[in-house]
Amino acid sequence: MKRALVLLGILTVLAPVWQESVKGEEQFRVNEAKLGQMQLPAPESAREKKYLGISADKQFTLSEIKAQGLIIEIFSMYCPICQAEAEKVNKLYGLIEKDPLLKGKVKVLGVGTGNTPFEVDVFRKKFGTQFPLFPDEGFVMQETSKDLIRTPTFLTVKIGKGNKPVVAGVHIGKIGNLKDFLKTVATSIR
Amino acid sequence: MATVRTGIIPTIIATVTALALVGFAVAGGKNLDGSIYNPGKLKPTDSKVTIKVGDKAPDFDLKDLSGNNVSLNQFLGKKNVVLSFVPAAWTPVCSKQWPGYNIAKEFFDETDTMLIGITVDNAPTLYAWTKQMGDLWFPVVSDFWPHGAVAQKYGILRADGVSERALFVIDKKGVVRYVDVHDINTMPKLEDLVGAMRKLKE
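Residues numbered from 1 in each chain as written. Chains lettered and ligands numbered in written order. Predicted model: local features only at pLDDT ≥ 70, side-chain atom pairs only at ≥ 80, totals over all residues. Heavy atoms only, no water.

Moving on, we come to the sheet that holds strand β3 (residues 80-85) of chain B. All names here are of chain B. Strand order in the open sheet formed by 5 strands is β5-β4-β3-β6-β7, with mixed pairing between adjacent strands. Where the open sheet ends on each side, the last strands, each with one partner, are β5 (140-142) and β7 (176-182). In this sheet, adjacent strand axes meet at a mean angle of 20° when their direction is disregarded. In terms of strand pairing, β3 meets strand β6 (residues 165-170) through 5 bridges, oriented antiparallel. By the bridge assignment, valine 82 is partnered in β6 with valine 169. Packed on one face of the sheet, helix α4 (residues 123-131) meets β4 (113-119) and β5 and runs near 155° to β5. (Pairing = 2+ DSSP bridges. Helix = DSSP H or I, 4+ residues; strand = E, 2+ residues; numbered from the N terminus. Axes fitted to C-alpha atoms, helices over the stretch in contact; angles between N-to-C directions. Contact = heavy atoms within 4.5 Å.)

Now the structure itself:
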């Protein structure tokens, strides 16, 4: 009985520490100013330029995208979960494009952390991705946070006053139920 | 009835261990990165590669994860071969390198090349690790015992007993045509490997 009480005591003391450490592993806190200034290579495709509403030929920043909200998937061609989730993310893009309340207002894009243009192209072709994917060979996305990127990470970004991005949600790992995920995104952007 | 008496210290150790394991399980359940051991930044290379372009590639005969023997010589005159040595299972870069190659099969097919994945881990560890990568189309072999013997033959066994992160492209005559003993901390660019494989067609 005494031993059981000691065990219970230890559990009570350590539980918050454990919860914090797990939470710590799973969080991705973004510096919004750095996110807004982050430079991405302009897409070559006219369709993707039109989708994002940008005219830049070389590089652009997230602040230049014409949208009320963004879903940014931080992925890697090498990440097995990103590969397994690719079809679902494609469906997410499809659902947004079919929804008159979201189409044109919420844009989806992917950033291939550590990936070269060649590697991103392999991912795009393999999974038939229709939304813009950008290479991030120099790990520029990592510079927006002190927390280590885990792939996939989905950032829901609201475009605030002066086109400044405001992170409204962070989801790390598998999407889970697609409709619930989209509902959460839509709510947080409103 | 016999009882095992334990002191308070073992009780604390057992409790902390249990909590740590539960923590890994929860983190791992949501995101596999939670199961990955991070060794931190390592010395980029820690061996002297003995195989260079133009050399005959040393043969080997190792078991894959289904228990089948895989040798280099079995591909002589039939297929080019890429040997992909990765340092260790359940570590950061290694855990993504082969899933990347898994969706790049077209480049191997295009150049009539077989990929063989190889590490110094034992078969059960490799089995559990590669299971979570999806269905790999290429064989993975264990160079566990005699420990790292094949890595040693290629001159890429590090002082701590793991191999370098290394790629060897070997043509159908068994001649080494490309060597990349890579910084262990970083991923080799896919296009560099694809370029080396495409050169085999020239």
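With that settled, the discussion passes to the state of the cysteines. All names here are of chain A. By the definition in use, this model includes 1 disulfide over all chains. Here cysteine 79 engages in a disulfide with cysteine 82; their sulfurs sit 2.5 Å apart. The sign of the 85° torsion about the S-S bond sets the cysteine 79-cysteine 82 disulfide as right-handed. Classification of cysteine 82 as buried rests on a relative accessible area of 0%. (Disulfide = S-S within 2.5 Å. Buried < 20%, exposed > 50% of the residue type's maximum accessible area, 1.4 Å probe, protein only.)

The final tally for this structure, using the stated rule, is 16 salt bridges over all chains. Between Asp57(A) and Lys49(A) there is a salt bridge; the shortest N-O distance is 2.9 Å. Classification of Asp57(A) as exposed rests on a relative accessible area of 62%. For the salt bridge of Lys52(B) with Asp55(B), the shortest nitrogen-to-oxygen distance reads 3.5 Å. You can call Lys52(B) exposed: its relative accessible area is 54%. Linked through salt bridges whose partners overlap, the residues forming this network are Asp121(A), Arg124(A) and Lys125(A). (Salt bridge = Lys/Arg side-chain N within 4 Å of Asp/Glu carboxyl O.)

What follows deals with the packing of aromatic side chains. On inspection of all chains with the given rule, the structure shows 16 aromatic pairs over all chains. When the centroid spacing of 5.8 Å and the interplanar angle of 50° are considered together, the rings of Tyr93(A) and Phe131(A) count as tilted. In this pair, Tyr93(A) is assigned in helix α4 (residues 80-98) and Phe131(A) in the loop between α5 (117-127) and β5 (133-136), connecting sequence segments 38 residues apart. Connected via pairs of aromatic rings, a cluster forms that spans Trp98(B), Tyr101(B), Phe108(B), Trp129(B), Trp137(B) and Phe138(B). Of note, Lys107(A) hangs over the ring of Tyr51(A), and the distance from its end group to the ring centre comes to 5.5 Å. Over the ring of Trp137(B) we find Lys105(B); its NZ or CZ atom is 5.7 Å from the centre of that ring. (Phe/Tyr/Trp six-rings, centres within 6.5 Å; stacked < 30°, edge-to-face > 60°. Lys NZ or Arg CZ within 6 Å of the ring centre and 35° of its normal.)

Residues and elements named next belong to chain A. Across the 7 residues that make up strand β3 (residues 69-75), a large majority, 7, are buried. Side-chain alternation along β3 places Gly69, Ile71, Glu73 and Phe75 on one buried face and Leu70, Ile72 and Ile74 on a second face that is also buried. The sheet contact formed by β3 and strand β4 (residues 106-113) spans 7 bridges and is parallel. Within β4, the position partnered with isoleucine 72 by the bridge is leucine 109. Each parallel crossover has a hand, and the one from β3 via α4 to β4 is right-handed. Note that β3 and strand β6 (residues 153-159) share 6 bridges and pair antiparallel. Bridge assignment links glycine 69 to a residue of β6, and that residue is lysine 158. (Right-handed = clockwise from strand over helix to strand, strands pointing away.)

Our next topic: the pairing of β6(B). Regular strands have side chains that alternate between both faces of the sheet. Residue and element names in this part refer to chain B. When you tally the buried positions in β6, you get 6 out of 6 residues, the bulk of the element. Residues Arg165, Leu167 and Val169 of β6 are buried on one face, and the alternating residues Ala166, Phe168 and Ile170, pointing to the opposite face, are buried as well. As defined by bridge partners, β6 adjoins β7 across 6 bridges and the pair is classed as antiparallel. Looking at the pairing, valine 169 lines up with tyrosine 178 of β7.

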